[in-house]
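Chain residues, written in single-letter form:
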Amino acid sequence: MLKLARRFASKSSTPGIGFSLTEQQLELQDLARKFTAQEIIPKAAEHDRSGKYPTEILKKAWEVGLLNTHVPEKYGGLGLGVLDCAIIGEELAYGCTGIQTAAEANGLAEAPVILAGNDFQKKKYLGRMTEEPLMCAYCVTEPGAGSDVAGAKTKAVKKGDKWIINGSKMWITNGSVANWYFVLAKTDDKAGAGKAFTGFIVDANTPGISVGKKELNMGQRCSDTRGITFENVEVPDENVLGKVGDGFKIAMGAFDTTRPLVASAAVGLARRALDEATKYSLERKTMGKPISEHQAVAFMLADMAIGVEAARGLVWKSAALRDAGQRNTYYASMAKAMASEVANKNAADAVQIFGGAGFNTEYPVEKLMRDAKIFMIYEGTSQIQRLIISRMLIDSAKLGTPLH
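Quantities reported herein were computed from a predicted structural model and do not represent experimental measurements.

A. Inspection of the overall build of the protein chain at higher detail. When you go through the protein chain residue by residue, the secondary structure sums to 12 helices and 10 strands. Expected size for 404 residues packed as a compact globule is a radius of gyration near 22 Å; at 21 Å, the protein chain falls within 12% of this value. When its C-alpha atoms are laid out on the principal axes, the protein chain stretches across 80 × 55 × 45 Å. A burial count over the protein chain gives 56% of its 404 residues as buried. A gap of 2 Å separates the mean positions of the 50 positive and 45 negative side-chain charges of the protein chain.

Quick look at the structure:
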């Protein structure tokens, strides 16, 4: 496992201005692009129609080293940087964001463990991900707590050397296929959000866990989205992630890694919409010439291209800052907000350029339009990103320390 991709692994990006990928990153990009062309694109429409989880595709991705790319080398992984993973994410999402989301959900669940886990936890839970093609899931969102993570009601109570978890999580990607979960639970009702929650690693086969029905979503239909209920679930004290009371900080800290990666997937979808629209505009003729020669269409394509490049630039900047050990929250939120909105605009514009054909399921762009919407919702809505950006901007201005 990983033998094909390991030689492409690169260390954290070198800080400084530069827009050229390293030779290793270009090879990694080529590997992901070829995998997408051969394994994802030919099967994406069928998975969208059936909603079937892409188990075989994910197994093949694991075999060539395109799954669990965040896992450090010490625990059997590639130990790729955030920028490296963003390059992979864009390519896989170009083929199907539903399949890419299933793959990237592993990275989301693994991020808190990488960030705050001890050596025992990393060996046990990250190590197993590199030994066989397993999935895991990030259990934070609840029926009444999405953007308001601090409003989560799932509780964990200490009893002897164990914790008892009770509560319900919702919209959990990889919910029914996960081997283990990262779970955020309230452990102190009296404390503020920053100290009220604790993170736990919970094995999915623990008694008391029940998995809800597969949600039939508007887009990304092959992604496994479920509700997860915890009823008197016993978790050993050794599975507490970090310190008791640090759960909220750990969960939020993981977003500085995962938001650039979700944004990279949005760029992949936006680029696919641009490519499909450009190709169609060269083939479709009206008034005696290809529609690409009509300025109205040509300018739409130009705007789509501008969006892809600008969004990718923010993704790469936020990823490179994280790799360089610098705080990237401000730019990660910018990348997430912009890339998600560019994906939606490009998908809508692609449908418009296709005209009536764009509204039909025989053509690829209607799927892109359905798949794109969730990027403005999960991993923090566009409004939450603007809240983060504006608060950081205003706070820095008050202190006289500009962020830019």
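B. Representation of the nonpolar core in the model. Phe-35, Leu-66 and Met-304 are the most contacted members of the largest nonpolar core, which totals 65 residues. Every element with two or more residues in this core is listed here: α2 (23-50), α3 (55-64), α4 (82-95), α8 (247-283), α9 (295-323), α10 (329-354), α11 (365-372) and α12 (382-399). When residues in this core are grouped by element, the largest group, 12 residues, is from α8. Contact partners of Met-304, with chain neighbours within four places excluded, come to Ala-273, Leu-274, Ala-277, Asn-346, Asp-349, Ala-350 and Ile-353.

C. Molecular detail of the confidence of the model for the protein chain. The predicted model of the protein chain averages 94 in pLDDT, with 96% of residues at 70 or higher. In the predicted structure, residues 10-14 sits below a pLDDT of 50 and forms 13 contacts with residues beyond four places in sequence or in another chain.

D. The pattern of salt bridges, seen in detail. Overall, the coordinates contain 27 salt bridges when judged by the stated rule. A salt bridge links Lys-74 to Asp-119, with the nearest nitrogen and oxygen atoms 3.2 Å apart. Taken together, the positions of Lys-74 in the loop between α3 and α4 and Asp-119 in helix α6 (residues 119-131) put the pair 45 residues apart, joining distant regions of the chain. Since its relative accessible area comes to 63%, Lys-74 is described here as exposed. The residue Asp-246 makes a salt bridge to Lys-195 at a minimum N-O spacing of 3.6 Å. With Asp-246 in the loop between β8 (240-241) and α8 and Lys-195 in helix α7 (residues 193-196), this residue pair connects regions lying 51 residues apart in the sequence. Residue Asp-246 is classed as buried on the basis of its relative accessible area, which comes to 11%.

E. Structural detail: the packing of α2 against α3. The N-to-C vectors of α2 and α3 enclose an angle of 175°; their axes lie 11 Å apart at closest approach. Comparing the axis directions of α2 and α3 gives the class roughly antiparallel. For the pair α2 and α3, contact is made by Leu-31, Phe-35, Glu-39, Ile-40, Lys-43 and His-47 and by Ile-57, Lys-60, Ala-61 and Val-64, respectively. Considered class by class, the residues forming the contact of α2 with α3 number six nonpolar, one polar and three charged.

F. The arrangement of unusual backbone geometry in detail. Unlike most non-glycine residues, Gln-220 shows phi in positive territory, near 45°. Mapped onto the elements of the fold, Gln-220 is located in the loop between β6 (209-211) and β7 (225-236). Assessed through its relative accessible area of 6%, Gln-220 is described here as buried. Positive phi, close to 55°, is recorded for Met-287, a residue that is not glycine. Among the secondary structure elements, Met-287 is positioned in the loop between β9 (285-286) and β10 (289-290). For Met-287, a relative accessible area of 78% translates into the label exposed.

G. Looking closely at the pairing of strand β4 (residues 178-186). Counting buried positions along β4 gives eight out of nine residues, so the element sits mostly inside the fold. Sheet topology note: the strand β1 (residues 135-139)/β4 ladder contains five bridges and is parallel. From the neighbouring strand, Met-135 faces β4, where its bridge partner is Ala-178. Bridge analysis of β4 against strand β5 (residues 197-203) gives seven bridges, and the strand direction is antiparallel. Residue pairing across strands places Tyr-181 opposite Val-202, the latter belonging to β5.

H. Region of the structure containing the packing of aromatic side chains. Per the stated rule, a full pass over the model turns up 10 aromatic pairs. For the ring pair Tyr-125 and Trp-180, a centre distance of 5.7 Å and an interplane angle of 65° mean the geometry is edge-to-face. Of this pair, Tyr-125 sits in helix α6 while Trp-180 sits in strand β4; the two residues are 55 residues apart in sequence, bridging distant segments of the chain. Pairing Phe-197 with Phe-248 gives two aromatic rings, centres 6.4 Å apart and planes at 35°, and the pair type is tilted. A residue pair is termed long-range when its members are at least 10 positions apart, and Phe-197 in strand β5 and Phe-248 in helix α8 qualify at 51 residues. Take Phe-197: its relative accessible area is 0%, and that puts it in the buried class. Judged by relative accessible area, which is 21%, Phe-248 ranks as partly exposed. Chaining the aromatic ring pairs together yields one cluster made of Tyr-138, Phe-182 and Phe-255.

I. Fine view of α10. The first and last C-alpha atoms of α10 sit 37 Å apart over 26 residues, in line with the 38 Å expected at 1.5 Å per residue. Positioned one or two residues after α10, Gly-355 has a phi angle of 70°, which is positive.

J. View of the environment of Val-262. Considering the arrangement of structural elements, one finds Val-262 in helix α8. Taking relative accessible area as the criterion, Val-262 reaches 10% and is therefore assigned buried. When the C-alpha atoms of Val-262 and Arg-221 are compared, they prove to be 17 Å apart, with 41 residues separating the residues in sequence. Each residue touching Val-262, except ones within four places of it in the same chain, is listed here: Lys-336, Phe-375, Tyr-378 and Glu-379.

K. Molecular detail of the pairing of strand β3 (residues 162-173). Relative to β3, strand β2 (residues 155-159) is paired through five bridges, and the arrangement is antiparallel. Bridge pairing links Lys-155 to Asn-166 in β3. Counted along the chain from β2 to the antiparallel partner β3, the turn is two residues long, and its residue Gly-160 has a positive phi close to 65°. In the sheet, β3 pairs with β7 via nine bridges, with the strands oriented antiparallel.

The rules behind each value
- Residues numbered from 1 in each chain as written.
- Predicted model: local features only at pLDDT ≥ 70, side-chain atom pairs only at ≥ 80, totals over all residues.
- Heavy atoms only, no water.
- Helix = DSSP H or I, 4+ residues; strand = E, 2+ residues; numbered from the N terminus.
- Rg over C-alpha atoms; globule rule 2.2 N^0.38 Å.
- Buried < 20%, exposed > 50% of the residue type's maximum accessible area, 1.4 Å probe, protein only.
- Lys, Arg positive; Asp, Glu negative; His and termini not counted.
- Charge placed at Lys NZ, Arg CZ, Asp CG, Glu CD.
- Core = buried A, V, L, I, M, F, W, Y, C linked by side-chain atoms within 4.5 Å.
- Contact = heavy atoms within 4.5 Å.
- pLDDT = per-residue confidence, 0-100.
- Salt bridge = Lys/Arg side-chain N within 4 Å of Asp/Glu carboxyl O.
- Axes fitted to C-alpha atoms, helices over the stretch in contact; angles between N-to-C directions.
- Parallel < 35°, antiparallel > 145°, perpendicular 65-115°, else oblique.
- Nonpolar A, V, L, I, M, F, W, Y, C, P; charged D, E, K, R; others polar.
- Pairing = 2+ DSSP bridges.
- Phe/Tyr/Trp six-rings, centres within 6.5 Å; stacked < 30°, edge-to-face > 60°.
- Expected span 1.5 Å × (residues − 1).

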